[in-house]
Amino acid sequence: MNLSKRTRDVLIVAAVYAVVVLVLRFSGAGIGWWMALLLGLVVTPLGFWMGWLRRRLAERAAEAGRRRFRPWPEERRR
C-alpha cells in the first residue's frame, strides 16, 4: 500500500489514540467512556511531544558531546 507520509502519520496517531482510550477504559480505574475519550485527547499529543522532545535532547547532547569532548578523528589531525 502506497500511503503518503501525512496519511501514515494520521493513521498512527489514530491507532495510538484508540489504544490509549481502550487502556484507560478497561484499566480497572473505573473510568467511563467519555472520560477515557477526553483523557485520550490529552495523553496522546502529550506522549508524542515527550517522544519528540526526548529525541531532540538526545540529538543535541550527542552533538554537544561530539563537539566539545571527543572530536572526530578528522578534527584531531588539524
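Enquirer: If you had to explain the overall build of the protein to someone new, which residues and values would you point to?
Expert: Helix and strand counts for the protein stand at three helices and zero strands. Along its sequence from the N terminus, the protein presents helices and strands in the succession α-α-α. Across the 78 residues of the protein, 10% fall into the buried class. As presented, the protein carries roughly 7,000 Å² of accessible surface, and 64% of it is formed by carbon and sulfur atoms.

Enquirer: I'd love a proper account of helix H1 (residues 5-25), names of residues and values included.
Expert: Here H1 contains 21 residues, and its C-alpha end-to-end distance of 30 Å stays within 8% of the 30 Å for a straight helix at 1.5 Å per residue. Within the sequence span of H1, burial applies to Val20, Val21 and Leu24. Summarising the axial view, the buried residues of H1 lie within an arc of 100°, below the 170-degree limit, and thus occupy one face.

Enquirer: How would you explain a nonpolar patch on the surface if you had to name every residue and give the values?
Expert: Together, Met35, Leu38, Leu39, Leu41, Val42 and Val43 give the surface a local cluster of nonpolar side chains, amounting to about 530 Å² of exposed area. Its place among the elements puts Val42 in helix H2 (residues 33-68).

Enquirer: Report on the nonpolar core, specifying residues and quantitative values.
Expert: Formed by Val20, Val21, Leu24, Ile31 and Ala36, the largest nonpolar core amounts to five residues. At three residues, the largest contribution of residues to this core is made by H1.

Enquirer: Account for the packing of aromatic side chains, with residues named and values stated.
Expert: The description of an aromatic ring pair rests on the distance of the ring centres and on the angle between the ring planes. Summed over all chains, the structure comprises one aromatic pair. Ring geometry for Phe26 against Trp33: centres 5.6 Å apart, planes inclined by 85°, an arrangement best described as edge-to-face. Under the relative-accessibility criterion, Trp33 is labelled partly exposed at 41%.

Enquirer: Requested: an account of the pattern of salt bridges, with residues and values cited.
Expert: One pass over the structure, following the stated rule, counts one salt bridge. Among the salt bridges present, the one from Asp9 reaches Lys5, with a minimum N-O distance of 3.2 Å. Separated by four residues within a single helix, Asp9 and Lys5 lie in helix H1, roughly one turn from each other.

Analysis parameters
One numbering rule holds for all chains: residues counted from 1, following each sequence as written. The predicted origin of the model limits local features to residues at a pLDDT of at least 70 and limits the giving and counting of side-chain atom pairs to 80 or more, whereas totals for whole chains, interfaces and linings rest on all residues. With hydrogens and water excluded, all non-hydrogen atoms of the structure serve as input to the side-chain values. Helix numbers and strand numbers start at the N terminus; a helix is a DSSP run of H or I with at least 4 residues, a strand a run of E with at least 2. We call a residue buried when its accessible area falls under 20% of the maximum for its residue type, exposed when it is over 50%, and partly exposed in between, using a 1.4 Å probe and counting protein chains only. Note on areas: these come from Shrake-Rupley sampling with a 1.4 Å probe, and a residue is covered only by the protein chains present in the view. One less than the residue count of a helix, multiplied by 1.5 Å, gives the span that helix is expected to have. This arc corresponds to the set of directions leading from the helix axis out to the C-beta atoms. A patch consists of residues whose relative accessible area exceeds 30% and which take part in no salt bridge; residues with like charges are grouped when within 9 Å of each other, and nonpolar side chains (Val, Leu, Ile, Met, Phe, Trp, Tyr) when within 5 Å. A pair is scored as a salt bridge if a Lys or Arg side-chain nitrogen falls within 4 Å of a carboxyl oxygen belonging to Asp or Glu. Residues enter a nonpolar core if they are buried and are Ala, Val, Leu, Ile, Met, Phe, Trp, Tyr or Cys, with the set joined through side-chain atoms within 4.5 Å. Put simply, two rings from Phe, Tyr or Trp (the six-membered ring, in Trp's case) pair if the centres are within 6.5 Å, and we call them stacked under 30 degrees between planes, edge-to-face over 60, tilted for the rest.

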